[in-house]
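Commentary on secondary and tertiary structure
Below are the chains, spelled out letter by letter.
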Amino acid sequence: MTTKLIEVNSVSKRFGNVVALKDVSAAAGAGEVTCILGDNGAGKSTLIKILCGLYQADSGEYRVDGELMDFSSPRDALEMGIATVYQDLAMVPLMSVWRNFFLGSEMQKGAPPAKRIDVAKSKDTVVDELGKMGIIIRDPEQPVGTLSGGERQSVAIARAVYLGARVLILDEPTAALGVKQAGVVLRYVVEAKKRGLGVILITHNPHHAYPVGDHFVILRRGEVYGDYRKEDIPLEQLVQMMAGGADLETLQHELEKAAESTGDQELAEVASEYGEEATELAEETAEAKERDGDA
Ligand SMILES: Nc1ncnc2c1ncn2[C@@H]1O[C@H](COP(=O)(O)OP(=O)(O)OP(=O)(O)O)[C@@H](O)[C@H]1O
Ligand SMILES: [Mg+2]
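Let us look at the structure shown here. (Residues numbered from 1 in each chain as written. Chains lettered and ligands numbered in written order. Predicted model: local features only at pLDDT ≥ 70, side-chain atom pairs only at ≥ 80, totals over all residues.)

Counting its regular elements, the chain contains ten helices and twelve strands. Here the chain, with 295 residues, has 36% of them falling under the buried criterion. (Helix = DSSP H or I, 4+ residues; strand = E, 2+ residues; numbered from the N terminus. Buried ≥ 20, exposed ≤ 12 C-beta atoms within 10 Å, placed from the backbone.)

This part covers the nonpolar core. Counting 66 residues, the largest nonpolar core has I157, V167, L168, I169, V189, I200 and L201 as the members making the most contacts within it. Apart from residues no more than four positions distant in its own chain, V189 is found in contact with V33, L170, V199, L201 and V212. (Core = buried A, V, L, I, M, F, W, Y, C linked by C-beta atoms within 7 Å. Contact = placed C-beta atoms within 7 Å.)

With that settled, consider the sheet that holds strand β5 (residues 67-68). Across the sheet, four strands lie side by side as β2-β1-β4-β5; this open sheet has antiparallel pairing. Only two strands of the sheet have a single partner each, and these edge strands are β2 (18-28) and β5. (Pairing = 2+ DSSP bridges.)

What follows concerns the packing of helix α5 (residues 149-162) against helix α6 (residues 179-194). It is the contact of α5 with α6, at a shortest axis distance of 8 Å, that shows an interaxial angle of 10 degrees. As judged from the angle between their axes, α5 and α6 are roughly parallel. Contact residues: α5 offers G149, G150, Q153, S154, I157 and V161, while α6 offers Q181, V184, V185, Y188 and A192. (Axes fitted to C-alpha atoms, helices over the stretch in contact; angles between N-to-C directions. Parallel < 35°, antiparallel > 145°, perpendicular 65-115°, else oblique.)

Moving on to the site of ligand 1. Near ligand 1 you find F15, V18, A20, G38, N40, G41, A42, G43, K44, S45, T46 and H204, and these make up its full shell. Put simply, the parts of the chain that give the shell around ligand 1 at least two residues each are β2 and α1 (44-51). Residue contributions to the shell around ligand 1 peak at three residues, all from α1. Here the residues of the shell around ligand 1 are counted per class, giving four nonpolar, seven polar and one charged. (Near = placed C-beta within 6 Å. Nonpolar A, V, L, I, M, F, W, Y, C, P; charged D, E, K, R; others polar.)

A separate point is the pairing of strand β4 (residues 59-64). Looking at chain direction, strand β1 (residues 6-15) and β4 are connected through five bridges and run antiparallel. Paired with I6 across the bridge in β4 is V64. The antiparallel pairing of β4 with β5 creates a hairpin that spans two residues between the two strands, and D65 there sits at a positive phi of about 55 degrees.

Note that G196 resides in the loop between α6 and β10 (198-203). Along the sequence, G196 and R166 sit 30 residues apart, while their C-alpha atoms lie 7.6 Å from each other.

With mixed pairing, the six strands of this open sheet are ordered in space as β6-β9-β10-β3-β11-β12. The open sheet terminates on both sides in strands that have one partner only, identified here as β6 (82-85) and β12 (223-229). Taken over all neighbouring pairs, the strand axes of this sheet differ in orientation by 15 degrees on average, direction set aside. In this structure, strand β11 (residues 215-220) lies alongside β12, joined through six bridges in antiparallel fashion. In the strand pairing of β12, R220 is matched with E223. In this fold α1 packs onto β3 (33-38), β6, β9 (167-171), β10 and β11, with an angle of close to 150 degrees to the strand it touches most, β9.

Glancing now at unusual backbone geometry. P112 connects to P113 through a cis peptide bond whose omega is 5 degrees. Tracing the sequence through the fold places P113 in the loop between β7 (108-109) and β8 (116-117). In this structure, R221 takes a positive phi of about 45 degrees despite not being glycine. Relative to the elements of secondary structure, R221 occurs in the loop between β11 and β12.

Next up, the structure:
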């Protein structure tokens, strides 16, 4: 078995009575995009907060390069090369693109006490680094607040790559973006992957996940509901798993018909599995509705 870049085994996390994660096992490799999918409240953010050192799991293992980790803060995770780009971003809107890019790690010149920021070199580096990711910035003095949401996400991704991240975690980077802007961000996700980073992309949109993802982990009510390599799951199935049980039932009936007419036993088994899943899903949905109705 190959060593995974980053993995969790049987991780659980609860907040009071709420079980946010239950026995979750998942892994992400280098040079690929792992998408974490799931509905609201599925546990996506909780999982990535554990990965980035913000939360500690109640039980289970967390490994990086096969080594057990016990992060007590995001700083610990960052030291292991695990960078997280949050949706609200740790950027200062009125500050220029280049100052935001470095945020304290600007290039210096001169010796103390005359040591100071090498503005020209820092700006050139930013333009260069962004350029390498295919991001063209007109003016590095431009305040970050004047960039579009997609451009801002892109700068944050380029920054993580430049600072030497090995794992890049993106929490819903495309949620607030239009189609075109989302496309731009997804392009940089692919760019980061090409540079060998392990990218973990959190989204509830299978249409954003599918084109860039190599691997899909679907969470539902805090548990892993599915874990597929792209070659093992067509987009339609991914959408279905996100959408709910009605489509699963249709699929079950179609498969049953096909199994009957061909006498294919395997197909019949798959159909009955889909049926069970659909029933389970329907029960869960009914439970959730009841609960929401009470609230
Ligand atoms: N700090 C917290 N205190 C109490 N409950 C929490 C806390 N964080 C998360 N939860 C609960 O844990 C469950 C999972 O939440 P989480 O934020 O991980 O979901 P999510 O998949 O990121 O959802 P969304 O798509 O809405 O962002 C939810 O029921 C949520 O209410
Ligand atoms: Mg979330």
